[in-house]
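Structural description and commentary
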Amino acid sequence: MNGIYVLGTGYVGQAFARRGVQPVSRIDIDYTNRNVFRAFLRDRMVSTIINAAGFTGGASVDGCEGKWKETIAANIVLPAMLSEVCKDEGVRFVHVSSGCIYQGRRPDGGGWKETDTPNFHGSLYSRTKALAEPLVDGYVLRMRMPFGGVPHPRNLLTKLLNYLCIVGGENSVTSLEDFVDATFAILKYGTPGVYNVTNRGTITTLQIVELVNRYKEWHPEWFTREEFDAVVPTPRSFCVLDTDKLEALYQMPLAKVAVEQSVKQLLEGKCACPAIHA
């Protein structure tokens with residue numbers, strides 16, 4: 001896609017690259033350097049930057065704990081700088097954020113809206129993602145527990161299928177392929193601001209297990225929430241997001257439908273979009 005670039009070649013960046021967005025690796029262009037990034041925008045006549053770069057510490061957010069410098073630099077300082085330079089150069093800026101800044105549901109039983117104050121501060125990762133959002137002048141797109149039909153250490157389904165013991169919970173989730181479609185729709189029809197970009201509805205861990213068992217036998221052990229909290233190094237977010245704002249522009253498939261499709265692709269090895277490697 002002419003003029004549209006995605007920063008980062010990790011799990012999210014690969015999804016955009018599979019759809020024709022030009023990926024930018026920090027190895028090739030040090031976009032953490034303000035002057036280098038500005039020159040890149042001018043030299044390539046960039047129209048839109050999608051920032052999928054960030055620091056999670058690995059397959060889980062536990063890796064951020066104890067690495068304050070790296071986490072703050074990548075998750076707060078970098079998007080703020082990129083946004084500022086893009087604004088100066090007249091380039092649209094999209095920042096991939098996270099819905100893991102909330103816990104549970106709103107007091108009225110609904111999902112958390114874009115305007116609600118974050119209420120989950122249990123991990124350094126979540127705190128940095130929340131702190132970065134007000135610093136971004138552009139589109140802030142929140143995803144949650146990304147998954148898809150391509151095996152990857154960051155894929156929710158890959159992670160669950162490799163755990164010996166799992167924990168129950170209700171969550172909003174995001175199909176990566178649907179996230180890419182929603183991003184294009186927001187850029188076409190929406191205005192800058194914060195968007196919750198998750199599949200419609202919610203899904204529980206038990207429902208995921210039931211969907212997997214339609215294609216293969218899988219009987220993991222179960223933690224209670226108390227047992228889970230006692231063994232994980234960092235507290236986890238279990239939350240539901242409101243998607244009314246997104247749905248006014250674009251309707252993502254239901255969470256259960258998207259998860260089943262990805263489960264089938266993952267287990268049968270028939271994903272329509274082969275993974276690329278960073």
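Everything numeric here is computed off the predicted structure, so don't read it as measured data.

Rules used throughout
Residues numbered from 1 in each chain as written. Predicted model: local features only at pLDDT ≥ 70, side-chain atom pairs only at ≥ 80, totals over all residues. Heavy atoms only, no water. Buried < 20%, exposed > 50% of the residue type's maximum accessible area, 1.4 Å probe, protein only. Helix = DSSP H or I, 4+ residues; strand = E, 2+ residues; numbered from the N terminus. Pairing = 2+ DSSP bridges. Axes fitted to C-alpha atoms, helices over the stretch in contact; angles between N-to-C directions. Left-handed = near helix turned anticlockwise from the far one by under 90°. Contact = heavy atoms within 4.5 Å. Nonpolar A, V, L, I, M, F, W, Y, C, P; charged D, E, K, R; others polar. Phe/Tyr/Trp six-rings, centres within 6.5 Å; stacked < 30°, edge-to-face > 60°. Lys NZ or Arg CZ within 6 Å of the ring centre and 35° of its normal. Salt bridge = Lys/Arg side-chain N within 4 Å of Asp/Glu carboxyl O. Polar contact = N/O pair within 3.5 Å; in protein donor to acceptor, adjacent residues only side chain to side chain.

Right, let's get into the pairing of strand β4 (residues 92-98). Burial analysis of β4 places 6 of its 7 residues in the buried class, the great majority of the element. Here β4 runs beside strand β5 (residues 139-143); their pairing, made up of 5 bridges, is parallel. Looking at the pairing, Val94 lines up with Tyr139 of β5.

What follows covers the packing of helix α1 (residues 11-18) against helix α6 (residues 176-189). The geometry of α1 relative to α6 is characterised by a closest axis approach of 9 Å and an angle of 65° between their N-to-C directions. Where α1 crosses over α6, the two elements pack in a sense that is right-handed. Across from Tyr11, Val12, Ala15, Phe16 and Arg18 in α1, the residues of α6 making contact are Leu176, Glu177, Phe179, Val180 and Thr183. Classifying every residue of the contact of α1 with α6 gives 7 nonpolar, 1 polar and 2 charged.

Take the packing of aromatic side chains next. Overall, the coordinates contain 6 aromatic pairs when judged by the stated rule. Ring plane angle 80° and centroid distance 6.1 Å describe the contact between Phe16 and Phe179, whose orientation is recorded as edge-to-face. Of this pair, Phe16 sits in helix α1 while Phe179 is found in helix α6, placing the two residues 163 residues apart along the sequence. An identical accessibility class is assigned to Phe16 and Phe179; each is buried. An angle of 10° between the planes, with centres 5.2 Å apart, marks the rings of Tyr102 and Trp112 as stacked. In this pair, Tyr102 is assigned in the loop between β4 and α4 (124-132) and Trp112 in the loop between β4 and α4, connecting sequence segments 10 residues apart. Since its relative accessible area comes to 8%, Trp112 is described here as buried. Through a chain of ring-to-ring contacts, three or more aromatic side chains come together here, namely Phe16, Phe179 and Phe184. A cation sits over an aromatic face here: Lys245 above Tyr195, 4.3 Å from the ring centre.

Scanning all chains against the criterion turns up 16 salt bridges. The partner of Glu177 in a salt bridge is Arg18, with the nearest N and O atoms 2.8 Å apart. Of this pair, Glu177 sits in helix α6 while Arg18 sits in helix α1; the two residues are 159 residues apart in sequence, bridging distant segments of the chain. Just as Glu177 is buried, Arg18 falls in that class too. Residues Glu260 and Arg214 are paired through a salt bridge, measuring 3.0 Å at the closest nitrogen-oxygen approach.

Relative to the assigned elements, Glu170 resides in strand β8 (residues 170-171). Residues Glu170 and Val240, 70 residues apart in the sequence, show an inter-C-alpha distance of 7.4 Å. Filtering out sequence-adjacent residues up to four positions away, Glu170 remains in contact with Arg105, Thr202, Ile203, Thr204, Phe238, Cys239 and Val240. Side-chain polar atoms of Glu170 contact the side chain of Arg105, separated by 2.8 Å. A polar side-chain atom of Glu170 sits 2.8 Å from a polar atom in the side chain of Thr202.

Let's shift gears to the sheet that holds strand β1 (residues 4-7). Sheet architecture is open: 6 strands sit in the order β2-β1-β3-β4-β5-β10, paired in parallel fashion. Only two strands of the sheet have a single neighbouring strand rather than two, namely β2 (22-24) and β10 (193-196). Across the sheet, the axes of successive neighbouring strands diverge by a mean angle of 25°, strand direction being ignored. In this structure, strand β3 (residues 48-51) lies alongside β4, joined through 4 bridges in parallel fashion.

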